[in-house]
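# A look at the structure
The lines below spell out each chain.
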Amino acid sequence: MSASTSRDVLMLAGLKAPDAGAAGRKATTLAVLRRAGFDVPDGFVVTTDALDRVVRAAGPDTGLTAAGAAELDLDEELAARILAAAERLDGGPYAVRSSGVDEDGTQASHAGQYRTLLGVPGGAALLRAIRHCWASGYTEHVAAYRTSRGLPAAGRVAVLVQPMVPADAAGVAFTKNPVSGDERETIVNAVEGLGDRLVDGAVAADEWVVRDAAAQRLTSDGSAIDRYSALRVAALARRVAEHQGSPQDIEWALAGDRLVLLQARPIVTAAMDVPVPVPVPAEPPPGYWTREASHAPLPWTPFTRELLTARAPAIAAMCADFGFLLERVDLRDIGGWEYVRLVPLGGRDRRPPPDLLVGLLARLVPAVRRRVRACVDAYRTDLPARHITAWYDQWQPALKNRTSLLLAAEPSTDDPDQLAQHLDDAVALFAAGIMAHFRVHGAIALMLSELAEACRDLLGWDDGQTLRLLSGLSARSTEPAHRLAVLAALARERPAVRAFVAGAGPGGPAPTAAVDEEFAAGFADYQRTFGRRALRYEAADPNLDELPWLTLKLIRDQLTQGYDPQAEAADLDAVRTSAEQAARDLLATRSTDDRERFDRALSRARRAYPAREDKEFFTYSGPLAVVRRAALAVGRRLAAAGQIAAPGDVFFLEPPEAGDAVRAGTDQHQRVARRKAERAWVLAHPGPPSYGPDPGPPPSMDRWPREVAAANTALLWYLDRILGAAPVPGRPGLVCGLAAGPGRYTGPARVIAGEDDFHLIRPGDVLVCPTTAPVWSVLFPSIGALVTDTGGTLSHPAIIAREYRIPAVVGTGCATRTLRDGQLITVDGDAGTVAVVAS
């Protein structure tokens, strides 16, 4: 490696506009403004010269990937220069921001494309953060973004390092109203604390409009800043615009009385890569609504939102089948975000009836009488067990067959009617899957609740102890990783395969016969069997088989970790056997009736529990993958005909609209553009946790018939274990949640939002994320522990973690905002806590 030079690390104070090619636009703009007297924190830049030299030293240029960039070696001299510059900034913690050469330009803004890491300590953590910023220039989504704008696939990224500002409030400001275009108005958005909570949509913004000397708050419940502060921020933004000679979009932070400028870039509508936002009103219907973040951490695309309307009739049918005292469970789009409401019989929230009237209601009100009768019939005929049997014997095989047939179908892109019909068939499959999904949910709720109640009454056990009785029975969770272990074993024995796997990174290809014929055939079979599944709950997100590099990374991780599925299965069997023996020891002196009650509940729960994850494969992630493939086929036809700009724009149409467009040949640009603009608004205006008055705890079940009380208590128990309770407040250095996977583990936090960040996960990391979809189970052999923002003890991440014997804490409500990438943390899956060991 050639020696490091003084141009590798430049202090911010010395940068000038011509340095943009080495320091990036973000850093040089801030340097120019700092010299002009604006309060910009001091800092330094690791330039693109350093990146280019490090890349050259890594070997022949074979196309660097994000994963490769994150592993680049910094020579001792360069590392010493960086750490010396950091010490000049008082030793941290630091804000580490990518500063792209093409960023904030007239061709592309790259807004949100590159990486920012906050609260980074010095030393090795700082060097690692710099590599992560470099890696963000090589991700698959950046490559797609840049090539669509006629730029080279990789983005040359410098890295700006500044001391963290201890912000009381932070946010953004636009010197031109981004909705109306009025340059007389400055829009100020603010949040308490760090501004990344605004950018990632974690909290709703306090929004102000400033015109002349008047400031008006647009939000009704904002409290991040007062009128005086809003005027100060607007004045700062206008001074920046005057200095730069064009309308500006700035980022700022307020620390005590100090108002700091963190970024500035021009507002050039033609060059903006996100559309000018179009307001989406939030008009909550009557009732109590809560954000459904466990499945929808982000707003749905129009395509998926319409697709998911299949849930309403399926949930209503489940409630009617089992006699639950719910009209339905409403899922509603409010201001672009999904909210959920439990709707009692009659459709309106009411105060619970006095216990003395319950008997009259059950006899005299027709709707209530029908539900009571249905509930009693469901118990007498054992509807839960019949539904579970139907799942294994009828519904699952039928869905599997329909899915296989549609995956094998290849509709002609030259035949619009065939394409549209194929999409209709895929949507119908998804609707059928959703109907089975919720019918099985109802059965599982009753059968698992029966075991939990028996263990509580007879043994004094909590849910964690009870779930040990079911350890190792969710085979669908572990099957993908177990099958992947076969490919890992093959790679371990063959140097050429091992070398290919080691070099795989984002955007990389699948193995071919030229690498190894047997491995390539096995890999293709794996992708057909397990890859044709949705990675998340959103149809616009890629399926696993579209990301062969991810499967190769998982194989590489298994090689690194030495994953042993047989040992894992034996451990799970031992846990289950031990728990059962402990239960029987406690029951040895109990009555025959008590022992028979336990045996019956255990037998039924063990038959039902595997269906919890099993059905996800066949009712949701499989059919959703089919729908995505069908939608993209339609999208390619629409794009080729010039009806939309790119195939992926099909997800800004609803399924019927997409089918009609491909049949009729109608232009969809305007509709897509408006919906993209609405989505931009929605992402900038996250909804509150709830709307409407909380109706309080559910009514007493004491006076209802025994079957009705048992069924509805079971449903509420089950919903609470899936969705989780309200987060428990932590304290500095400690995050609290629900104990979901036993054990303790200490390792580095890896905070990710979705599959775009999977390449950042290293073997042994603690995965910190909003939630996980079932398909993420393939990641679990790579990680040491799991922490999520949402979910309960029967949520998918909790079940999967237990099946992989990984300590897990779920339902924290704040982990992705509180924990920082690279922090050393201890996850206590027994206590439900996450402690920061070192920053």
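Residues numbered from 1 in each chain as written. Predicted model: local features only at pLDDT ≥ 70, side-chain atom pairs only at ≥ 80, totals over all residues. Heavy atoms only, no water.

Another point: the confidence of the model for the protein. Parts of the model with low pLDDT should not have their predicted coordinates read in detail. Across the protein, the average pLDDT comes to 85, with 89% of residues at or above 70. Taken element by element, the protein is modelled with least confidence in helix H11 (residues 355-364), mean pLDDT 55, and with most confidence in helix H9 (residues 302-307), mean pLDDT 97. Counted against residues more than four places away or in other chains, residues 104-112, with its pLDDT under 50, gives 31 contacts. This stretch, residues 269-274, has a pLDDT under 50; its non-local contacts, to residues over four places away or in other chains, come to 13 contacts. (pLDDT = per-residue confidence, 0-100. Helix = DSSP H or I, 4+ residues; strand = E, 2+ residues; numbered from the N terminus. Contact = heavy atoms within 4.5 Å.)

The next thing to look at is the side chain of arginine 675. Along the chain, arginine 675 falls in helix H23 (residues 669-684). Ignoring anything within four residues of it in the chain, the contact list for arginine 675 reads Pro302, Phe652, Leu653, Glu654 and Glu657.

This part covers the pairing of strand S11 (residues 258-266). Judged by how many residues are buried, S11 sits mostly within the fold: 7 of 9 residues are covered. For strand S10 (residues 248-255) and S11, the ladder comprises 8 bridges, and the chain directions are antiparallel. Bridge pairing links isoleucine 250 to alanine 264 in S11. The loop that links S10 with its antiparallel partner S11 comprises 2 residues; one of these, glycine 256, has a positive phi angle of about 65 degrees. (Buried < 20%, exposed > 50% of the residue type's maximum accessible area, 1.4 Å probe, protein only. Pairing = 2+ DSSP bridges.)

The subject of this paragraph is unusual backbone geometry. Although it is not a glycine, aspartate 382 sits at a positive phi angle of roughly 50 degrees. At arginine 805, a position not held by glycine, the phi torsion is positive, near 60 degrees. In this structure, arginine 805 sits in the loop between helix H25 (796-803) and strand S21 (808-810). The exposure class assigned to arginine 805 is partly exposed, which follows from its relative accessible area of 42%.

Moving on, we come to the pattern of salt bridges. Following the criterion strictly, the structure yields 43 salt bridges and no others. Across the pair glutamate 616 and lysine 615 runs a salt bridge, and its minimum N-O distance is 3.8 Å. The residue arginine 721 makes a salt bridge to aspartate 720 at a minimum N-O spacing of 3.2 Å. When salt bridges that share partners are traced, they join Asp382, Glu450, Arg600 and Arg604 into one network. (Salt bridge = Lys/Arg side-chain N within 4 Å of Asp/Glu carboxyl O.)

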